[in-house]
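# Reading the structure
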Amino acid sequence: MSRREPLWDQVDAYLTDTFVPRDDVFAAALADSAKAGLPTIQVSPPQGRLLELLARALGAKRILEIGTLGGYSTLWLARGLAPGGRIVTLELDPKHAEVARRNFERAGRADAIELRLGPALETLSRLVAERAGPFDLVFVDADKANLPDYFSWSVKLSRPGTLIVVDNVIREGDVVDAASPDPVIQGVRRMNERIAAEPRVSATTLQTVGGKGYDGLALVLVDR
Ligand code: SAH
Ligand code: DHB
Ligand code: MG
């Protein structure tokens, strides 16, 4: 199968034109990220809008993001953040963090967004030690081999009603290949096994197509 059908891009462009508010802050964030040579793997505009709407629907005042890149998804989450709310976003790469911080400043949201530099697994254990939770919404979008542990830490930082959203969990359908040697696929599959075995959560996954090809989003609701 081709990685991306032209029609998926056309439909994403149509949906973006129709539903996604124009905001110069996002265009500037993407332009600066590209100029700095960051990979263009941020969520698509309709997916960013989904993050905003989920945050608003939850009335989220505390949001945790794992994997900042240039802060594009963070800015969407910030749009959905309740007044007075805060986002903690975790990033390993200092260059990505620098671009993201500039984007937060320009958007006038630097006060609401705390970027923590370093390996997310270390920061997550520190957040638990600091009793930084519970978060109302968690967006998991960093390296995929660590997904099982990112899920477990996210649950630790949750309360009943927290929504955990995980990006890139279909990978062109490769997720069905149990024998895949790809650590990304094994990370997704081992996370899914943990989710399925965790009695405290209810979950589903949506397959998605669009400007980012064929992939998917997992939605995990913490019940208790
Ligand atoms: N959420 C962003 C995209 C994130 S891309 C958006 O949609 O706009 C994944 C990011 O995770 C990259 O910036 C990468 O540097 C970061 N990352 C990779 N491994 C990590 C780790 N171990 N800890 C924290 N961040 C990591
Ligand atoms: C890719 C896409 C993502 O959304 C991500 O977080 C990491 C990698 C990719 O297309 O390779
Ligand atoms: Mg992603």
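Please refer to the structure higher up on the page.
A brief structural summary. (Residues numbered from 1 in each chain as written. Chains lettered and ligands numbered in written order. Predicted model: local features only at pLDDT ≥ 70, side-chain atom pairs only at ≥ 80, totals over all residues. Heavy atoms only, no water.)

## Here we look at the site of ligand 2
If you check the shell around ligand 2, you find Ile 41, Asp 141, Lys 144, Asp 167, Asn 168, Arg 171 and Lys 212 and nothing else. In the environment of ligand 2, an oxygen atom lies 3.2 Å from a nitrogen or oxygen atom belonging to the backbone of Ile 41. Between Arg 171 and ligand 2, the recorded distance is 3.2 Å, taken from a side-chain N or O atom to an oxygen atom. Contact with the protein chains removes 75% of the 290 Å² of surface that ligand 2 exposes when unbound. Its residues assigned to classes, the shell around ligand 2 shows 1 nonpolar, 1 polar and 5 charged. (Near = heavy atom within 4 Å. Polar contact = N/O pair within 3.5 Å; in protein donor to acceptor, adjacent residues only side chain to side chain. Areas by Shrake-Rupley, 256 points an atom, 1.4 Å probe, with all protein chains shown as cover. Nonpolar A, V, L, I, M, F, W, Y, C, P; charged D, E, K, R; others polar.)

## Some remarks on the packing of helix α2 (residues 24-35) against helix α5 (residues 94-106)
Look at α2 against α5: their axes get within 10 Å of each other, and the N-to-C directions meet at 155 degrees. As the angle between them shows, α2 and α5 are arranged roughly antiparallel. Once α2 is placed against α5, the crossing between them reads as right-handed. Contacts between α2 and α5 pair Ala 28, Ala 29, Asp 32 and Ser 33 from the former with Val 99, Arg 102, Asn 103 and Arg 106 from the latter. In terms of residue class, the contact of α2 with α5 is made up of 3 nonpolar, 2 polar and 3 charged. (Axes fitted to C-alpha atoms, helices over the stretch in contact; angles between N-to-C directions. Helix = DSSP H or I, 4+ residues; strand = E, 2+ residues; numbered from the N terminus. Parallel < 35°, antiparallel > 145°, perpendicular 65-115°, else oblique. Left-handed = near helix turned anticlockwise from the far one by under 90°. Contact = heavy atoms within 4.5 Å.)

## Quick look at unusual backbone geometry
Gly 133 connects to Pro 134 through a cis peptide bond whose omega is -5 degrees. Within the secondary structure, Pro 134 is located in the loop between α6 (120-129) and β4 (137-140). For Leu 69, which is not glycine, the phi dihedral falls at a positive 50 degrees. The phi dihedral of Asn 168 is positive, around 65 degrees, even though this residue is not glycine. Positionally, Asn 168 belongs in the loop between β5 (163-167) and α8 (183-197).

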